[in-house]
Amino acid sequence: MSDQTQGQSQSQFQGQSQGMATSRSGRSVNRLRIVHTTSIEYDRPVRTSYNELRMTPATLPGQTALEARMEVSPRASAFRYRDYWGSEVVAFDTQVPHTRLDVVANSLVEVEQADDAVPAGLTWQELADDQVRDDHVEWLGPRPVTRLGPDLVQASREVAGGLEPHQAALAVSAWVGEHMQYVSGVTGVKTSAEEAWAEGRGVCQDFVHIALGALRGLGIPARYVSGYLHPDPGAEVGRTVTGQSHAWLEWWVGRWFPFDPTNGRTAGLDHVVVAHGRDYGDVSPFRGVVSGGAGSRMDVRVELTRQR
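Keep in mind that what you see is a predicted model, and the values were worked out from it rather than measured. (Residues numbered from 1 in each chain as written. Predicted model: local features only at pLDDT ≥ 70, side-chain atom pairs only at ≥ 80, totals over all residues. Heavy atoms only, no water.)

Undergrad: Can you break down the overall build of the protein chain residue by residue, with the values?
TA: Summing up its helical and strand segments, the protein chain has six helices and 16 strands in all. For the protein chain, contacts bridging at least 24 residues in sequence account for 76% of all contacts bridging at least 6. Accessible area for the protein chain stands at about 14400 Å²; split by element, carbon and sulfur atoms hold 47% of it. (Helix = DSSP H or I, 4+ residues; strand = E, 2+ residues; numbered from the N terminus. Contact = heavy atoms within 4.5 Å. Areas by Shrake-Rupley, 256 points an atom, 1.4 Å probe, with all protein chains shown as cover.)

Okay, here's the thing in structure tokens:
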């Protein structure tokens, strides 16, 4: 951590840098620079601020975080840890009175083309096995934001009727995408799946919450994935584009299978995984509390640049 000049104090929290990832399988690899900037302005000075960030790309099969650093202004004390779900968290607090908080998450990640072969998958009988259900109990239970009413549960069962689990999950996720219209500003982070479905409009987290509720209701383990989506997979190397945080889901049928219901396709080279959880509440990119201050205004900007 290094402090800059007074009035422009800044703290940097550097993640471990790793060697370049290569694809042993011969699949395509996408290298992306991601800069996620969050600025919060307060109506009155804030005395103290305590925050958690989940903005660091994960290192997992098919994805390698090469660099990860956070810059915070004003100066702050921070530490990194992994939460219960395995996601990397940067927790920091600042004790300097301030009317503006700036956080810049800067990362470099390589994503390998996923195996898009259709998994053989498990049967309904195998998914109902006591050991399988015990191992995945946290991905099967209802949550306040994913719980569906009996009518919607029945409708999802009709969509899945006669299909094996993996094909049923594909059909249900497509059904959600066909019903929902992507419109920002009509739902919030606390909007339930049932409310979003009734509205028929929402953003990616609403699509995912509905799909999670439907799949779990069928007995298919499913989890929420947060991360980033490059909006232009065909962008030339070196061109910076404005992107966004994004959400999709994974279901388990012997292995985890990623699917983006908002875009109606398997998550691929343009999806960067940051965190997994039961719903949005487990993976919120920015969460914090302040002492002092009043109203606030938040501005978020995500920029992605293909480097390979």
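On we go from here.
Undergrad: Describe the pairing of strand E2 (residues 29-53), with residues and values.
TA: In terms of burial, E2 is a largely internal element, 18 of the 25 residues being buried. Both E2 and strand E6 (residues 98-112) contribute to a ladder of 14 bridges, which runs antiparallel. Note that in E6 the partner of Ile40 across the bridge is Leu101. By the bridge criterion, 11 bridges tie E2 to strand E16 (residues 296-306) in an arrangement that is antiparallel. Bridge pairing in E16 links Ile40 to Met298. Direction of pairing for E2 relative to strand E15 (residues 286-292): antiparallel, over a ladder of seven bridges. (Buried < 20%, exposed > 50% of the residue type's maximum accessible area, 1.4 Å probe, protein only. Pairing = 2+ DSSP bridges.)

Undergrad: Go over the pattern of salt bridges, please, and point to the residues and values.
TA: Taken as a whole and judged by the stated rule, the model has 21 salt bridges. One salt bridge connects Arg54 with Glu52, and the closest N-O pair in it is separated by 3.2 Å. A relative accessible area of 24% places Glu52 in the partly exposed class. Among the charged side chains, a network of salt bridges with common partners joins Glu41, Asp43, Arg100, Asp102 and Arg297. (Salt bridge = Lys/Arg side-chain N within 4 Å of Asp/Glu carboxyl O.)

Undergrad: I'd like a description of empty space enclosed by the protein, backed by residues and values.
TA: If you roll a probe as big as a water molecule over the atoms, it shows you where there is empty space left. Within the structure shown, the criterion is met by one cavity of 30 Å³ or more. In this model, the largest cavity occupies a volume close to 50 Å³. His36, Arg54, Met55, Ser226, Gly227, Tyr228, Ser245, Val274 and Pro285 are the residues that line the largest cavity. Among the elements that take part in the lining of the largest cavity, strand E9 (residues 222-229) stands out by supplying three residues, more than any other. In terms of residue class, the lining of the largest cavity is built from four nonpolar, four polar and one charged. (1 Å grid on protein atoms, 1.4 Å probe; cavity = no way out; pocket = protein on both sides within 12 Å on 5 of 7 lines; lining within 4 Å. Points joined across faces, edges and corners; volume = space filled by probe spheres on them. Nonpolar A, V, L, I, M, F, W, Y, C, P; charged D, E, K, R; others polar.)

Undergrad: Could you give me a rundown of the environment of Pro144, with the residues and numbers involved?
TA: Mapped onto the secondary structure, Pro144 falls in the loop between helix H2 (130-135) and helix H3 (150-160). On a C-alpha basis, the gap between Pro144 and Ser192 in space is 6.9 Å, while along the polypeptide they are 48 residues apart.

Undergrad: I'd like a rundown of the packing of aromatic side chains, residues and numbers included.
TA: Two aromatic rings, taken as a pair, are described by how far apart their centres are and by the angle between their planes. One pass over the structure, following the stated rule, counts nine aromatic pairs. A centroid spacing of 4.8 Å and a plane angle of 45° characterise the contact between Trp175 and Trp197, whose relative ring orientation is tilted. Residue Trp175 is found in helix H4 (residues 165-179), and its partner Trp197 is found in helix H5 (residues 193-199); the two are separated by 22 residues along the sequence. Taken individually, Trp175 and Trp197 each receive the classification buried, so the pair is uniform in this respect. By way of ring pairs, the aromatic residues Tyr84, Trp85, Trp139 and Trp256 are connected into one cluster. Above the ring of Trp256, the side-chain terminus of Arg223 is found at 4.0 Å from the ring centroid. (Phe/Tyr/Trp six-rings, centres within 6.5 Å; stacked < 30°, edge-to-face > 60°. Lys NZ or Arg CZ within 6 Å of the ring centre and 35° of its normal.)

Undergrad: Let's hear about the confidence of the model for the protein chain: which residues, and what values?
TA: Taken over all residues, the pLDDT of the protein chain has a mean of 89, while the share at 70 or more is 89%. Taking the mean pLDDT of every element in the protein chain, the minimum, 49, falls on strand E1 (residues 11-14) and the maximum, 98, on E9. Every residue in residues 1-13 is under pLDDT 50, and counting partners more than four places away or in other chains gives 37 contacts. For residues 16-24, every residue scores under 50 in pLDDT, and the model assigns this stretch 19 contacts once sequence neighbours within four places are set aside. (pLDDT = per-residue confidence, 0-100.)

Undergrad: Account for unusual backbone geometry, naming residues and giving values.
TA: Cis geometry is found at the peptide bond from Ser73 to Pro74, where omega equals 5°. Note on placement: Pro74 falls in the loop between strand E3 (63-73) and strand E4 (77-82).

Undergrad: Lay out the nonpolar core with the relevant residues and their values.
TA: Within the largest apolar cluster, 63 residues are counted, with the highest numbers of intra-cluster contacts made by Ile34, Leu53, Leu215, Tyr228, Leu249 and Trp251. With nine residues, the top contributor of residues to this core is helix H6 (residues 204-218). (Core = buried A, V, L, I, M, F, W, Y, C linked by side-chain atoms within 4.5 Å.)

Undergrad: Summarise the side chain of Glu88; cite the residues concerned and give the values.
TA: With respect to the helices and strands, the residue Glu88 is situated in strand E5 (residues 88-94). Within the local environment of Glu88, its side chain forms a polar contact with the side chain of Arg80, the two groups lying 2.3 Å apart. In this structure Glu88 touches Leu53, Arg54, Thr56, Arg80, Tyr81 and Arg82, once residues within four positions along its chain are discounted. (Polar contact = N/O pair within 3.5 Å; in protein donor to acceptor, adjacent residues only side chain to side chain.)

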